[in-house]
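Architecture and fold: a report
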Amino acid sequence: MIAERPPMGWNSWNTFGERIDEKLIFETADILVERGYKDAGYEYLIIDDCWALRERDEKGCLVPDPEKFPHGMKAVADYVHKKGLKFGMYSCAGVLTCAGYPSSYDHEFEDAKQFAEWGVDYLKYDYCNFPENADCVNRYHMMSMALKASGREILFAACNWGQKESFNWMRSIGAHTYRSTGDIFDNFRSFTGIFQSQLEHFCQSGPYCFNDMDMLTVGMYNQGNAAIGKPCTNGEYRMQFSMWCLAGTPLIMGADLRKLDPEMEKLLKNEQLISINQDRECRPPYLVGKRSVTVPQEDTDMAVELLRLVKDKLYTFIKHLSGNEFAVAYYNLFEEERKVNFIFADAGVPYGSGYGLSMQDVFTGESLGVKRDYHIVDVPGHDCRVYKCRLVYCGQDKCDG
Ligand code: GLA
């Protein structure tokens, strides 16, 4: 079965754009295995746009650029498969890909067959240059059917950037993941824009069809293709990675793994965070407290504005996990440190219930013991705190745990 959990892997686009070739893919395959990424769960190695020649051949087939892939795509797929990994490729629903290469509009069935023959396990399917009068839903459905008819099990990673309210129909047409946003860039504003745009759509995601908030930029430090704006800090990368884990979005890395900073490598392999992303119940996170923040009528416009700012800059989430566990996460979008006060009653655990939460920091492994009624924590600017939690009975005053 494919896509029972959010897919995990690596994609060439964010760092390499069109500078791709088989050497890069082979080296990345080696690293995925040798450095333990595969054991951590990253299994798809995906070539994005710019792998083909600018023209189809005389039979109408897509042709891998022989300068970039001198041994052809079957050889690349074989190499990737020998490593125990899965192989991903890219095409587009329009007449040309976003970078102007031939694309699958009106070639859906032949191309899907071709991908299957090469040994492709994952197809990212983009939305550039889509004819104005064509039917988007129907065309995505067509490629979904073409993949089903190809004779190979291929994960369908639809990528129409949330156009045409895709959250309403992507599951119905058989997509396994659907890109719900425009392109990510390796800066803080891009990351916040993306996750804030999906707060209302976290619940439109689950087994066999996951909301995909785009590939990770963690560890890029503004090097490469998706590098625009101010480089991210490690705290900002912690926010991005843990937010993707909480939301159950696919974890597709985008940094150059050959040069990855050790702290970022550790972050991307954090077992606790990955277990939150891969939890078998695949529940969306619940945004705590927003509903309880009210603005009194008599408040001035300024107070209303301040409150709005705080509401958009401090987030507390709780995510239900299997085995009666929970993740609790605080995000601080302010530049300065802020105190966050999580009142457990806002997440269904009032003092009077007699229960508290035992809390363990997922980044440091440190246990906070059992908290009752509330948890106050200082969250540094542009950073987050994430805890794995369990309910513990405390009786009238003392906690068991
Ligand atoms: C679009 C997609 C990106 C990437 C590029 C390739 O912009 O959204 O993720 O695939 O095309 O050209």
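Here goes a summary of the coordinates provided. For clarity, every value in this text was computed on a predicted model and none was experimentally measured.

The sheet built from eight strands is open, its strands ordered β7-β6-β5-β4-β3-β2-β1-β8 with parallel pairing. Looking at strand neighbours, the two that pair on one side only are β7 (210–212) and β8 (251–253), the edges of this open sheet. Direction aside, the axes of adjacent strands within the sheet are offset by 25° on average.

Between helix α7 (residues 188–197) and helix α8 (residues 234–247), the least distance of the axes is 10 Å, while the angle of their chain directions is 25°. Regarding the angle of α7 to α8, the classification is roughly parallel. You can see that α7 and α8 cross each other, and the crossing is left-handed. The segment α7 lies against α8, with Phe 188, Phe 191, Ile 194 and Phe 195 engaging Glu 236, Met 239, Gln 240, Met 243 and Trp 244. Of the residues assigned to the contact of α7 with α8, the class counts are seven nonpolar, one polar and one charged.

Below, the discussion takes up the site of the ligand. Around the ligand sit 13 residues, and of these Asp 48, Asp 49, Lys 124, Asp 126 and Asp 183 come closest. Within the side chain of Asp 126, an N or O atom sits 2.8 Å from an oxygen atom of the ligand. Within the side chain of Asp 183, one N or O atom sits 2.5 Å away from an oxygen atom of the ligand. For the ligand, whose free accessible area comes to 310 Å², the fraction covered by protein is 94%.

This next bit is on the state of the cysteines. Under the criterion given, the structure shown has one disulfide. Distance from the sulfur of Cys 92, which forms no disulfide, to the nearest cysteine sulfur (Cys 98) is 5.0 Å. Residue Cys 282 stays outside any disulfide, its sulfur separated by 12 Å from that of Cys 209, the closest cysteine. A relative accessible area of 12% means that Cys 282 is categorised as buried.

A few words now on the side chain of Ser 166. By secondary structure assignment, the location of Ser 166 is in the loop between β5 (155–158) and β6 (177–179). Leaving out residues up to four positions away in the same chain, Ser 166 has contacts with Asn 160, Tyr 178 and Arg 179.

This part is about the sheet that holds strand β14 (residues 367–371). With antiparallel pairing, the six strands of this open sheet are ordered in space as β9-β10-β11-β16-β13-β14. Unpaired on one side and paired on the other, β9 (286–288) and β14 mark the two borders of the sheet. Sheet twist, expressed as the average angle between the axes of neighbouring strands with direction ignored, equals 25°. Relative to strand β11 (residues 325–332), strand β10 (residues 314–320) runs antiparallel, the two being bridged by seven bridges. Its bridge partner lying in β11, Ile 318 is registered against Val 328.

Time to look at the nonpolar core. Tyr 42, Trp 51, Tyr 140, Phe 241, Trp 244 and Tyr 331 are the most contacted members of the largest nonpolar core, which totals 98 residues. For this core, the element with the most residues is α8, which contributes eight residues. When neighbours within four sequence positions are excluded, Tyr 331 is seen to be in contact with Met 239, Ser 242, Met 243, Leu 246, Lys 313, Leu 314, Tyr 315, Phe 317, Asp 383, Cys 384 and Val 386. Residues Val 288, Val 340, Leu 357 and Cys 389 belong to the second largest nonpolar core, which totals 15 residues.

About the criteria used
- Residues numbered from 1 in each chain as written.
- Predicted model: local features only at pLDDT ≥ 70, side-chain atom pairs only at ≥ 80, totals over all residues.
- Heavy atoms only, no water.
- Pairing = 2+ DSSP bridges.
- Helix = DSSP H or I, 4+ residues; strand = E, 2+ residues; numbered from the N terminus.
- Axes fitted to C-alpha atoms, helices over the stretch in contact; angles between N-to-C directions.
- Parallel < 35°, antiparallel > 145°, perpendicular 65-115°, else oblique.
- Left-handed = near helix turned anticlockwise from the far one by under 90°.
- Contact = heavy atoms within 4.5 Å.
- Nonpolar A, V, L, I, M, F, W, Y, C, P; charged D, E, K, R; others polar.
- Near = heavy atom within 4 Å.
- Polar contact = N/O pair within 3.5 Å; in protein donor to acceptor, adjacent residues only side chain to side chain.
- Areas by Shrake-Rupley, 256 points an atom, 1.4 Å probe, with all protein chains shown as cover.
- Disulfide = S-S within 2.5 Å.
- Buried < 20%, exposed > 50% of the residue type's maximum accessible area, 1.4 Å probe, protein only.
- Core = buried A, V, L, I, M, F, W, Y, C linked by side-chain atoms within 4.5 Å.

As far as function goes, none of this settles anything; it's purely spatial.
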